[in-house]
Amino acid sequence: MPERSVYEERRIDEERSVAEPRSVDVLVIGAGPTGLAMANCLARLGVSAMIVDAKSGPTRESRALAVQARTMEVYDQLGLAPAMLEELYYAEAIIPGYERTVFRPVALGALGRGITPFPRVHVLEQSRTETILARALEEGGNAVAWNHRLTALEVASPDDQGRPVSVRFDSPDGPVDVRARYCVGADGASSAVRTTLGIAFEGVTNAHTFYVADGLGVRGLSPGHINVRFGARDFLLTFPMGPGGHDRLLGIVRHDDEQTTTSEPAWTPRADPEVVERRVRTTLHDIFAVDYDATAWFATYRVHHRSAVHFRQGPVFLVGDAAHVHSPVGGQGMNTGIQDAHNLACKLADVLAGRATDGYLDRFEAERRPVALRLVSTTDRAFLAVTSDHPLARFLRRRLLPIVATLGTRIVPRLRAASRLFGYVSQTRIHYWMSDEERDLSGGHRGAIVGRRLPWTGENYDCLRSMTWQVHTYARSAAAAARSTAAALGIECHVFESAGATGLGSEEMFLVRPDGFVAAAASGRSATAVFRAALRH
């Protein structure tokens, strides 16, 4: 029998691949921070999943930097907080300023004290975040399938295993077919998943070009702090990356003849980076008195403020930049995507385990899209205020901003509202309606506990690492009732000695979701019925 040629062997392998698609419960397309967080959450929850990416490995040029408190809490649930803390850099304070003038620092840790186990702003390069998350998957036996480019995605009648999503990838070894019950598009602002589904990506593109530079030997900044400098026509935002003047710098590239290009994806590199960088260095020196010795890398991009009109289409979901993109100022983007993933993974696990019906997955869009829309709207307005060339905007930045900033840095830290401000920035104040009925009956009034992340008492977060439904009580007198309720529902019960200053003493018992949000509150004999109704989703 003659030997087969290399080409015949490859053809046979391709046919075998087509004939024998891999089957999984959840397919995650995209291995940036959001996709990797999604896969880690699913692994923690015991869900069969596969994660693929067209890239050859983790990102090298780091765009996202700030790791907010709520994201650190998610990492803690996944058992990854120690690995993150070992590599990240703390920003001790925000230092506002106007051009060369520097104002009083605003200490970040003081604003978040007592709210979270992670009260400061943490700075960690996206590349390091991705490496840690990818390594965790690999150690768990679910390594990322790199170099897998999406070529086809179809939703049809389920196969004999109930998997309606059919996907094909090009890989170094030829085509790869996958069948999945659910598919998650975490493939960025230019999402092939979103485009294939025909989901509109509505919004605007900022008229300016922005730069991001990994500066070495940076001078003229307050070291170890986040620096925010405004100017009549410019602004500068910096993040500390390590000792020796290592800072990440972001700002505007001014081109008098610049034209708006709305078709470009977020973070698009533009032409002549050396010329652009020379212009940026001149602006930094002349306007902000900031200089640096060199850059490890330098890139320019357009900022988009956009959101997908739907985050779910049948068994396919969009998360992270595939669902929404916005300004990097404020350090919200990566954090919002990771919380998308956390929210959706917990819901998928409940459905796949038979604890909830498929309809429960509609709550993902109902909960997360309003968060994204608010974020897109607020960052759009903030960027307009910072970058507008309107004469009035320039006047306000030149004359009013220095006065407001000087007074604000003195007054805000002393106000009771300072902790609320920290809550918004750290994403620890996010609220979800637990159902449409709850929203309608409340008249739009958001409660202080239900629908929010479980308030931290100092001792009640360790139990959240199990990522299960739980009954909590913070009243010793309700311990027996809480245990009885939890037993009737077949879920965990945790009894704590004190609610501290959290407001958790307002009810005898609370039902806590796997993602750490409070689903319901009740007292006495009604708790079992109330919680059972909430568990039915």
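Coordinates for the structure precede this section.
**Things to note about the state of the cysteines**
Inference 1: Under the criterion given, the structure shown has zero disulfides.
Inference 2: Here C41 is not disulfide-linked; the sulfur of C346 is the nearest cysteine sulfur, at 6.2 Å.

**Here's the deal with helix α2 (residues 33-44)**
Inference 1: Its twelve residues place the ends of α2 16 Å apart at the C-alpha level, agreeing with the 16 Å of an ideal helix rising 1.5 Å per residue.
Inference 2: In terms of residue burial, α2 counts as a mostly covered element, since ten of its twelve residues are buried.
Inference 3: Taken together, the buried positions of α2 are P33, T34, G35, L36, A37, M38, A39, N40, C41 and L42.
Inference 4: Those residues of α2 that are buried lie in contact with β1 (22-29), β2 (49-52), α6 (126-139), β11 (174-185) and α9 (333-352).
Inference 5: At the C-terminal side of α2, G46 shows a positive phi close to 80 degrees.

**Focus: the packing of helix α3 (residues 69-77) against α9**
Inference 1: Look at α3 against α9: their axes get within 9 Å of each other, and the N-to-C directions meet at 40 degrees. Judged on the interaxial angle alone, α9 and α3 are oblique. Taken as a pair, α3 and α9 cross one another with a handedness that is left-handed. Between α3 and α9, the residues in contact are R70, T71, V74, Y75 and Q77 and N335, I338, Q339 and H342, respectively.
Inference 2: For the contact of α3 with α9, the class distribution of residues is three nonpolar, five polar and one charged.

**Points about the packing of α2 against α9**
Inference 1: Look at α2 against α9: their axes get within 8 Å of each other, and the N-to-C directions meet at 30 degrees. As summarised for this structure, α2 and α9 are arranged roughly parallel, according to the angle between their axes. Considering the relative orientation of α2 and α9, their crossing is right-handed. On α9, the residues touching P33, T34, A37, M38, C41 and L42 of α2 are M334, G337, I338, A341, H342, L344, A345 and L348.

**Regarding the environment of T116**
Inference 1: Turning to its location among the elements, T116 is positioned in the loop between α5 (108-112) and β8 (121-123).
Inference 2: T116 gets classed as buried once you look at its relative accessible area, which sits at 2%.
Inference 3: For T116, the contacting residues outside a window of four places in its chain are A69, E73, F422, R453 and W456.
Inference 4: Within the structure, the side chain of T116 is placed 2.7 Å from the side chain of E73, a separation counted as a polar contact.
Inference 5: Within polar-contact distance, the side chain of T116 engages the backbone nitrogen of F118 at 3.1 Å.

**Notes on the pattern of salt bridges**
Inference 1: Applying the stated criterion across every chain yields a total of 21 salt bridges.
Inference 2: Among the salt bridges present, the one from R248 reaches D214, with a minimum N-O distance of 2.8 Å. Of the two residues, R248 is situated in strand β15 (residues 246-253) and D214 in strand β12 (residues 201-216); the sequence distance between them amounts to 34 residues.
Inference 3: In this structure R248 comes out as buried when scored by relative accessible area, which is 0%.
Inference 4: Between R368 and D340 there is a salt bridge, and its shortest N-O distance comes to 2.7 Å. Taken as a pair, R368 in helix α10 (residues 362-387) and D340 in helix α9 lie far apart in primary sequence, 28 residues in all.
Inference 5: Note on R368: relative accessible area 0%, which makes it buried.
Inference 6: Taking relative accessible area as the criterion, D340 reaches 0% and is therefore assigned buried.
Inference 7: Taken together, the salt bridges that share partners define one network made up of K347, E367, R513 and D515.

Rules used throughout
- Residues numbered from 1 in each chain as written.
- Predicted model: local features only at pLDDT ≥ 70, side-chain atom pairs only at ≥ 80, totals over all residues.
- Heavy atoms only, no water.
- Disulfide = S-S within 2.5 Å.
- Helix = DSSP H or I, 4+ residues; strand = E, 2+ residues; numbered from the N terminus.
- Expected span 1.5 Å × (residues − 1).
- Buried < 20%, exposed > 50% of the residue type's maximum accessible area, 1.4 Å probe, protein only.
- Contact = heavy atoms within 4.5 Å.
- Axes fitted to C-alpha atoms, helices over the stretch in contact; angles between N-to-C directions.
- Parallel < 35°, antiparallel > 145°, perpendicular 65-115°, else oblique.
- Left-handed = near helix turned anticlockwise from the far one by under 90°.
- Nonpolar A, V, L, I, M, F, W, Y, C, P; charged D, E, K, R; others polar.
- Polar contact = N/O pair within 3.5 Å; in protein donor to acceptor, adjacent residues only side chain to side chain.
- Salt bridge = Lys/Arg side-chain N within 4 Å of Asp/Glu carboxyl O.

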